[in-house]
Amino acid sequence: MRSIHFLGFFVLGTVAAAAAGCGGDDEGVGGQGGAGGAGGATSSSTSSSTSSSATTSTSSGGGDETDQNDSIETAESIEIDGDAVQATLEPVDADQDFYSFTGTKGQALYILTDAKPEEDESDPTYPDLVVSLLDAQGTQIARNDDPPQGGNDSRLITVLPADGDYYLLVEECTSALGQDSCAPAEDIENFDYALGITLLDPAAADDDSLIADIEPNDVAAQALPLHYEALDDETGYYTTFLFGGFGSATDVDVYSFTLPETPAAESGLKATLVTSAPSGAEGSGSTVDVSEIAIFDAADLTTPYAKVDPSKGGSIEVPVKVGEGAEYLVFVKRSQGDVGANDFYILLHNRVEISHLEAQDLTNNLATTPEGDLSSYALRGGGIGYAVDGQLADGLTPDTSDTDHYAIPVPEDADETWKVSAFCAAQRHGSGLRELTVTLLNGDGTELGEGYTATENETTDLAIAGVDLPASPAEGRLLVKVSAGTPAEDVTSRSYDCTFGYLPAN
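Computed from a predicted model, the values in this text were never measured in an experiment.

1. Here we look at the overall build of the protein
- Looking only at helices and strands, the protein has one helix and 31 strands in total.
- Within the protein, buried positions represent 57% of all 506 residues.
- Split by element, the accessible area of the protein, about 20000 Å² in all, is 46% carbon and sulfur.

Written out as structure tokens, the structure is:
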């Protein structure tokens, strides 16, 4: 048995950023908000922070193979902002550990677990934890498997619905969701984990990374500004946690932001906004969905620049202007229906650097003149990934719309056992593009056949996941063709973001 390898993560400043990437898969390419692929597609994610004090570890339960907290009746006590608990799941695919604590209505809690090693947050030899929040009667009111930040260590952000006693249930994925939904439990060799609870209190925070919805903020003139807390090394900013609530069935909350100009970003910046989790007992525990997040240029409130429906899996990730005079307004709306018992939402916001911006729009519309030299990065497992953020010019019909082509070199040591993947987003990241379509072509522009194309819609990610590499790629490369249908008239952005990757066979 190992001892807990990384308890320092309970300082919230170490939590990985949310909503940085496009797409997600088991091959380590991409990181679609909510999907969380390791080896994320963009190199621009930062850390998230709060000013909460560190939660230190205690040896309570660590390494104990005969723990007695396997029911609500025998739940082990754990304190909010107290010491983290070390414990063991054994047998790892069946053990259930229960913990009890007392909370107050309206408290925002960050419930964090740690089992995976810091150097590989998806290592299959460590448990894939699932944490569930239960009320005093033992009814599940919230749950997290994999957080939107990526990785497999559960991180549940929720708001308590009432004063009283609560329980946490910690178990491995196989126990919680069944073996068909999880990596094989027989591959797990290390059974220990850590658990802690941190209170997120914007009123008590001594930095700008926690912001609470303050009414009235229903119209543009009442917009609540979002803030940015710089990392200690000033290379970026912590993720901003925004805690909101809907006081009525028609409540709309309005926020504003202006991304900082420094540190400078050669290819530009994107603004991201993602809900921390879906609503309901299998998500955050909220009793209402956020049905729309819309971003407007503050200088023009007639038509949204970007718009998305988070209840269908969408998140905002769009390029924006930065610096003085580049203000944007964010309108957050709830789904229709009566006010519920706990109608809250939590948005994670950040400033993300674009790693490669489309640079040859005038020539890359043809397969004979594709754009190359995309930003590249190493993938876990020996592969290589590429990233690009582009625009497709307006067209009233598909025949007059822009088409982009990119060349992605095949690694010299790759053979026909290697796989290639592509993950892209437009509509599901708030863009007005519709029916974004990506097709992988041979290096000479010829078709590769069925399985090498995919199309995005409001509820479906664009994913070409792990298809075969051609035996002899023409010119030592593949081409990526990016196109779209008729764009939306009620959203002005025409942006998309893509990641592509090559990986050897397992």
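Back to the write-up after that little detour.
2. Thoughts on the sheet that holds strand β13 (residues 210-212)
- If you walk across this open sheet you meet the five strands as β13-β15-β22-β17-β20, and the pairing is mixed. Strands with a single pairing partner mark the edges of an open sheet, and in this sheet they are β13 and β20 (316-320). Ignoring strand direction, the axes of neighbouring strands in this sheet form an average angle of 20°.
- Note that strand β17 (residues 269-275) and β20 share five bridges and pair antiparallel. Counted as the bridge partner of Thr272 is Glu317 from β20.

3. Considerations on the confidence of the model for the protein
- On average, residues of the protein carry a pLDDT of 87, and 86% of them reach 70 or more.
- Across residues 1-64 the pLDDT falls below 50, and counting only partners more than four positions away or on other chains, this stretch makes 212 contacts in the model.

4. Concerning the sheet that holds strand β31 (residues 495-503)
- Strands sit in the order β23-β24-β31-β26-β29 across an open sheet of five strands; the sheet is antiparallel. Of all the strands in the sheet, just β23 (375-379) and β29 (462-468) have a single pairing partner and so form its edges. Adjacent strand axes in the sheet meet at a mean angle of 15° when their direction is disregarded.
- Pairing geometry for strand β24 (residues 383-391) and β31, over eight bridges, is antiparallel. By the bridge assignment for β31, Ile384 is matched with Tyr502.

5. Concerning the state of the cysteines
- Applying the stated criterion to the full structure yields two disulfides.
- Disulfide pairing is shown between Cys173 and Cys182; the S-S distance is 2.0 Å. In this structure the cystine formed by Cys173 and Cys182 twists about its S-S bond by roughly -75°; its chirality is therefore left-handed.
- Covalent S-S linkage joins Cys424 and Cys498, the inter-sulfur distance amounting to 2.0 Å. Residues Cys424 and Cys498 are joined through a disulfide that is right-handed, its torsion about the S-S bond being 120°. Here Cys498 lies in strand β31 and Cys424 lies in strand β26 (residues 419-425), a separation of 74 residues in the sequence. For the residue pair Cys424 and Cys498, the accessibility class agrees, reading buried in each case.

6. Comments concerning the environment of Asp163
- Checked against the element boundaries, Asp163 lands in the loop between β10 (155-159) and β11 (164-172).
- A C-alpha to C-alpha distance of 4.8 Å links Asp163 and Lys105, two positions 58 residues apart in sequence.
- With residues near it in sequence (within four places) discarded, Asp163 still touches Gly103, Thr104 and Lys105.
- Within polar-contact distance, the side chain of Asp163 engages the backbone nitrogen of Lys105 at 2.7 Å.

7. Side note on the nonpolar core
- In this structure, Leu436, Val438, Tyr496, Phe500 and Tyr502 are the most contacted members of the largest nonpolar core, which totals 31 residues.
- Contributions of two or more residues to this core are made by β24, β25 (404-409), β26, β27 (437-442), β29, β30 (477-483) and β31.
- By residue number, the principal contributor to this core is β31, which donates four residues.
- Excluding residues within four positions of it along the chain, Val438 makes contact with Ala422, Cys424, Tyr452, Thr453, Ala454, Leu462, Ile464, Val480, Lys481, Val482 and Cys498.
- Among the nonpolar cores identified, the runner-up in size contains 28 residues, and Phe246, Val308, Val330 and Tyr345 belong to it.

8. Quick look at the side chain of Ser154
- Among the secondary structure elements, Ser154 is positioned in the loop between β9 (140-144) and β10.
- On the basis of relative accessibility, which here comes to 0%, the residue Ser154 falls in the buried class.
- In this structure the side chain of Ser154 is engaged in a polar contact, spanning 2.5 Å, whose partner is the backbone oxygen of Leu129.
- A distance of 2.9 Å separates a polar side-chain atom of Ser154 from the backbone oxygen of Asp145.
- Not counting residues up to four positions away in its chain, the partners in contact with Ser154 are Ile111, Leu112, Thr113, Leu129, Val130, Val131, Asn144 and Asp145.

9. Here's the deal with the pairing of strand β16 (residues 252-257)
- In terms of burial, β16 is largely enclosed, as six of its six residues are buried.
- Burial along β16 is two-sided: the face carrying Val252, Val254 and Ser256 and the face carrying Asp253, Tyr255 and Phe257 are both buried.
- Both strand β14 (residues 224-225) and β16 contribute to a ladder of two bridges, which runs parallel. Pairing of Pro225 across the sheet is with Ser256, part of β16.
- Pairing between β16 and strand β21 (residues 328-334): six bridges, direction antiparallel. Residue Asp253 lies in a different strand from β21, and its bridge partner there is Val332.

10. Things to note about the pattern of salt bridges
- Summed over the entire model, instances satisfying the criterion amount to 13 salt bridges.
- Close ionic contact of Glu282 with Arg143 constitutes a salt bridge, the shortest N to O distance being 3.7 Å. Placement of the pair is Glu282 in the loop between β17 and β18 (290-297) and Arg143 in strand β9, with a sequence separation of 139 residues.
- By relative accessible area, which is 54% here, Glu282 ends up exposed.
- Here the residues in one salt-bridge network are Arg143, Glu171 and Glu282, joined through shared partners.

11. Focus: the packing of aromatic side chains
- Following the criterion strictly, the structure yields eight aromatic pairs and no others.
- Between the aromatic rings of Tyr110 and Phe241, the centroid separation amounts to 5.8 Å while the plane-to-plane angle is 50°, which identifies the pairing as tilted. Residue Tyr110 is located in strand β7 (residues 108-114), and its partner Phe241 is located in strand β15 (residues 240-245); the two are separated by 131 residues in the primary sequence.
- On the basis of relative accessible area, Tyr110 is assigned to the buried category, the value being 0%.
- The interplanar angle of 75° and the centroid separation of 6.1 Å between the aromatic rings of Tyr228 and Tyr237 together place this pair among those described as edge-to-face. For the pair Tyr228 and Tyr237, a shared accessibility class is recorded, and that class is buried.
- Pairwise contacts between aromatic rings join Phe257, Tyr305 and Tyr328 into one cluster.

Reading the values: the criteria
- Residues numbered from 1 in each chain as written.
- Predicted model: local features only at pLDDT ≥ 70, side-chain atom pairs only at ≥ 80, totals over all residues.
- Heavy atoms only, no water.
- Helix = DSSP H or I, 4+ residues; strand = E, 2+ residues; numbered from the N terminus.
- Buried < 20%, exposed > 50% of the residue type's maximum accessible area, 1.4 Å probe, protein only.
- Areas by Shrake-Rupley, 256 points an atom, 1.4 Å probe, with all protein chains shown as cover.
- Pairing = 2+ DSSP bridges.
- Axes fitted to C-alpha atoms, helices over the stretch in contact; angles between N-to-C directions.
- pLDDT = per-residue confidence, 0-100.
- Contact = heavy atoms within 4.5 Å.
- Disulfide = S-S within 2.5 Å.
- Polar contact = N/O pair within 3.5 Å; in protein donor to acceptor, adjacent residues only side chain to side chain.
- Core = buried A, V, L, I, M, F, W, Y, C linked by side-chain atoms within 4.5 Å.
- Salt bridge = Lys/Arg side-chain N within 4 Å of Asp/Glu carboxyl O.
- Phe/Tyr/Trp six-rings, centres within 6.5 Å; stacked < 30°, edge-to-face > 60°.

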